[in-house]
Amino acid sequence: MPNIIVDPNEAVCPDFAAENFATARNALINENVNEEVAINILTSAWRANNALDREVWNRQRQEREEEQALMQRRAAEEQQQRAEAREMEEEAIRREERRKHKNKYTPLTRVPPPSNPPEILPSYATARLQKGQFVEMWYFTNEGMDYALKTSTTTDENAMVQTIDRDGNAMWVPAAASRGSKSATDDRDLTWEQLLVAIPRFLDAIQAAQWTEERQAMMTDLFAKLQAHPFRASKDPLDRVALLRYLAEQRRLWHQAIDAGTGAWDIGILNEHLMRNATDAVRRERRDREDAERARADAERIKLVSGQIETRES
């Protein structure tokens, strides 16, 4: 159907009686149609065609209006989508800003300073626990907590450093997870007082790191059985040292076995054979230290006597 450009509602019916329509009239005049009838026929035909044109025009106008409304809706929807996308992008930027600089956005409560400072675990320890890795119990002692307080505001948690994994591959890790304290000591070198302070903090930390309930229960068993072991109440201080040595060796070996991919065992079950080995090692080290001290004392005495002899001879 042809597109109508001029509104047919504004068209005026021609005067078919005029001279310029004589040819059209004459084409209709015959023995049954006179000039007046011919004029009426032409007028009726024009009006019929004009009515059809008005219908087409009205449909075209409706289609144009519907198309324009559709375009307006689409434009509005696209504008809304752009606005929502911009808002989502801005919200993502705000979330990333809050994540990177969370200290700026920590909510404040209208309460006075606490009487006791909050306990802050070292970033190094929490980062390793998040990965299920070994970390010395020292980090959960009072000394380790003091270290955390001193370093918590001096390390950029978003800083990355390059390190080498156990397969020899270079990898980037958070700086907080790569540097421990030079003051950290092995579990065997802790005192029992330090260990008893560290245990509840360690158990809370592995729970916060979402270790499995099975592993949390295993660690709880390990510490409980060590505290209930007969060596704990022994009058011989070396027996208590042996318990710490056993703890240090078995915790580290358990993590090493997991890292090696060979699987691990339940260290909540004490192995008395290994406990005796730990005791023998502690006593052997004590004897070696005593022998070394005696040897040093003997050497000092020999040196002193030799010096006195040389003095008299001179």
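Further up the page is the structure itself.
Here is a short report on the structure shown in this document. What you see is a predicted model, and the numbers here were worked out from it, not measured in a lab. Per chain, residue numbering runs from 1 following the sequence as it is written. Only residues with pLDDT of at least 70 are given local features in this predicted model, and only at 80 or more are side-chain atom pairs given and counted; all residues enter the totals for whole chains, interfaces and linings. For side-chain calculations, the full set of non-hydrogen atoms in the structure is used, while hydrogens and water are omitted.

Topic: the overall build of the protein
Moving on, step 1. Secondary structure follows DSSP: runs of H or I at least 4 residues long count as helices, runs of E at least 2 residues long count as strands, and numbering of each begins at the N terminus. Secondary structure assignment for the protein yields 10 helices and two strands.
Moving on, step 2. Secondary structure elements of the protein, listed N to C terminal, follow the sequence α-α-α-α-α-β-β-α-α-α-α-α.
Moving on, step 3. Among the 314 residues that make up the protein, the fraction classed as buried is 25%.
Moving on, step 4. Taking the intrachain contacts of the protein between residues at least 6 apart in sequence as the baseline, contacts between residues at least 24 apart amount to 65%. The buried label goes to any residue with under 20% of its type's maximum accessible area, the exposed label to any with over 50%, and the partly exposed label to all in between, with areas taken from a 1.4 Å probe on protein chains only. Between two residues, a contact is recorded if the distance between any of their heavy atoms is within 4.5 Å.

A look at the side chain of Arg251
Moving on, step 1. One can find Arg251 in helix H9 (residues 237-259).
Moving on, step 2. Residue classification places Arg251 among the buried residues on the basis of a relative accessible area of 1%.
Moving on, step 3. The residues contacting Arg251, other than those within four sequence positions of it, are Phe134, Val135, Glu136, Met137, Asp187, Phe202, Leu222 and Ile267.

Points about the packing of helix H7 (residues 192-208) against H9
Moving on, step 1. Every angle, taken between N-to-C directions, lies between 0 and 180 degrees, and every axis is a line fitted to C-alpha atoms, over only the stretch in contact when it is a helix. At a closest axis distance of 11 Å, the pairing of H7 and H9 adopts a crossing angle of 40°. Between H7 and H9 lies a crossing of left-handed hand. Residue-level inspection shows Trp192, Leu195 and Phe202 of H7 in contact with H9, the latter providing Arg240, Leu243, Leu244, Leu247 and Arg251.
Moving on, step 2. When its residues are assigned to classes, the contact of H7 with H9 shows six nonpolar, no polar and two charged. Helix crossings fall into two classes, left-handed where the near helix is turned counterclockwise from the far one by less than a right angle and right-handed where it is turned clockwise. Under the scheme applied here, ten amino acids are nonpolar (Ala, Val, Leu, Ile, Met, Phe, Trp, Tyr, Cys and Pro), four are charged (Asp, Glu, Lys and Arg), and all others, including Gly, are polar.

Topic: the packing of helix H8 (residues 213-228) against H9
Moving on, step 1. H9 packs onto H8 with a crossing angle of 160° between their chain directions and a minimal axis gap of 11 Å. The angle between H8 and H9 places the two elements in the roughly antiparallel class. Like other packed secondary-structure pairs, H8 and H9 cross with a definite hand, here right-handed. Together, Arg215, Met218, Met219, Leu222, Phe223 and Leu226 of H8 and Leu243, Tyr246, Leu247, Arg251, Trp254 and Ile258 of H9 make up the contact between the two elements.
Moving on, step 2. For the contact of H8 with H9, a count of residues per class yields 10 nonpolar, no polar and two charged. If an angle is under 35 degrees, it is roughly parallel; if it is over 145, roughly antiparallel; if it lies from 65 to 115, roughly perpendicular; otherwise it is oblique.

A few points about a negative patch on the surface
Moving on, step 1. The patches described consist of residues with a relative accessible area above 30% and no salt bridge, like charges being joined within 9 Å and nonpolar side chains (Val, Leu, Ile, Met, Phe, Trp, Tyr) within 5 Å. Values of accessible area rely on a 1.4 Å probe in the Shrake-Rupley scheme; residue burial ignores everything except the protein chains shown. The salt bridge criterion pairs a side-chain nitrogen of Lys or Arg with a carboxyl oxygen of Asp or Glu, the two atoms within 4 Å. In this tally, Asp and Glu contribute negative charge and Lys and Arg positive charge; neither His nor the terminal groups of the chain are included. To locate a charge, take NZ of a lysine, CZ of an arginine, CG of an aspartate or CD of a glutamate. Together, Glu63, Glu65, Glu66 and Glu67 make up a negatively charged patch on the protein surface.
Moving on, step 2. Counting through the fold element by element, Glu67 comes out in helix H2 (residues 35-100).
Moving on, step 3. Judged by relative accessible area, which is 49%, Glu67 ranks as partly exposed.

Considering H9
Moving on, step 1. Between its first and last C-alpha, H9 extends 34 Å over 23 residues, near the 33 Å set by a 1.5 Å rise per residue.
Moving on, step 2. Immediately downstream of H9, the backbone of Gly261 shows phi near 80°, a positive value. In a helix, the anticipated span is given by 1.5 Å times the number of residues less one.

Concerning the pattern of salt bridges
Moving on, step 1. Considering all chains together, one arrives at 16 salt bridges under this definition.
Moving on, step 2. The residue Glu35 makes a salt bridge to Arg25 at a minimum N-O spacing of 3.0 Å. Of the two residues, Glu35 sits in helix H2 while Arg25 sits in helix H1 (residues 22-28), which places them 10 residues apart along the sequence.
Moving on, step 3. Accessibility expressed as a relative area gives 42% for Glu35, which makes it partly exposed.
Moving on, step 4. The buried category is assigned to Arg25, whose relative accessible area is 4%.
Moving on, step 5. Across the pair Arg245 and Glu249 runs a salt bridge whose closest N-O atoms are separated by 3.0 Å. You can see Arg245 and its partner Glu249 sitting in helix H9, four residues apart, about one turn around the helix.
Moving on, step 6. Using a relative accessible area of 11% as the deciding quantity, one classes Arg245 as buried.
Moving on, step 7. For Glu249, a relative accessible area of 23% translates into the label partly exposed.

Things to note about the environment of Pro14
Moving on, step 1. Summarising the element assignment, Pro14 is placed in the segment before H1.
Moving on, step 2. For the pair Pro14 and Thr43, spaced 29 residues apart in the sequence, the C-alpha separation amounts to 7.7 Å.
Moving on, step 3. Not counting residues up to four positions away in its chain, the partners in contact with Pro14 are Phe21 and Trp46.

Overview of the packing of aromatic side chains
Moving on, step 1. We call Phe, Tyr and Trp rings a pair once their centres come within 6.5 Å, taking the six-membered ring for Trp, and we label the pair stacked below 30 degrees between planes, edge-to-face above 60, and tilted otherwise. What the rule picks out here adds up to eight aromatic pairs.
Moving on, step 2. Taking the centre distance of 5.2 Å and the plane angle of 45° together, the rings of Tyr124 and Tyr139 count as tilted. Linking Tyr124 in helix H4 (residues 123-130) with Tyr139 in the loop between H4 and helix H5 (142-151), this pair joins segments that are 15 residues apart in sequence. Neither Tyr124 nor Tyr139 differs from the other in exposure class; each is buried.
Moving on, step 3. When the centroid spacing of 6.3 Å and the interplanar angle of 85° are considered together, the rings of Phe202 and Trp211 count as edge-to-face.
Moving on, step 4. Judged by relative accessible area, which is 8%, Trp211 ranks as buried.
Moving on, step 5. Members of the aromatic cluster, joined through ring pairs, are Tyr124, Trp138, Tyr139 and Tyr147.

Digging into the nonpolar core
Moving on, step 1. Judged by nonpolar contacts, the single largest core of 33 residues is most densely connected at Leu129, Met137, Tyr139, Phe140, Phe202, Met219 and Leu226.
Moving on, step 2. Of all the elements in the fold, those that place two or more residues in this core are H4, H7, H8, H9 and helix H10 (272-313).
Moving on, step 3. Here Phe202 is in contact with Leu129, Met137, Phe140, Met219, Phe223 and Arg251, once residues within four sequence places are set aside. To qualify as a nonpolar core, a set must consist of buried Ala, Val, Leu, Ile, Met, Phe, Trp, Tyr and Cys residues joined through side-chain atoms within 4.5 Å.

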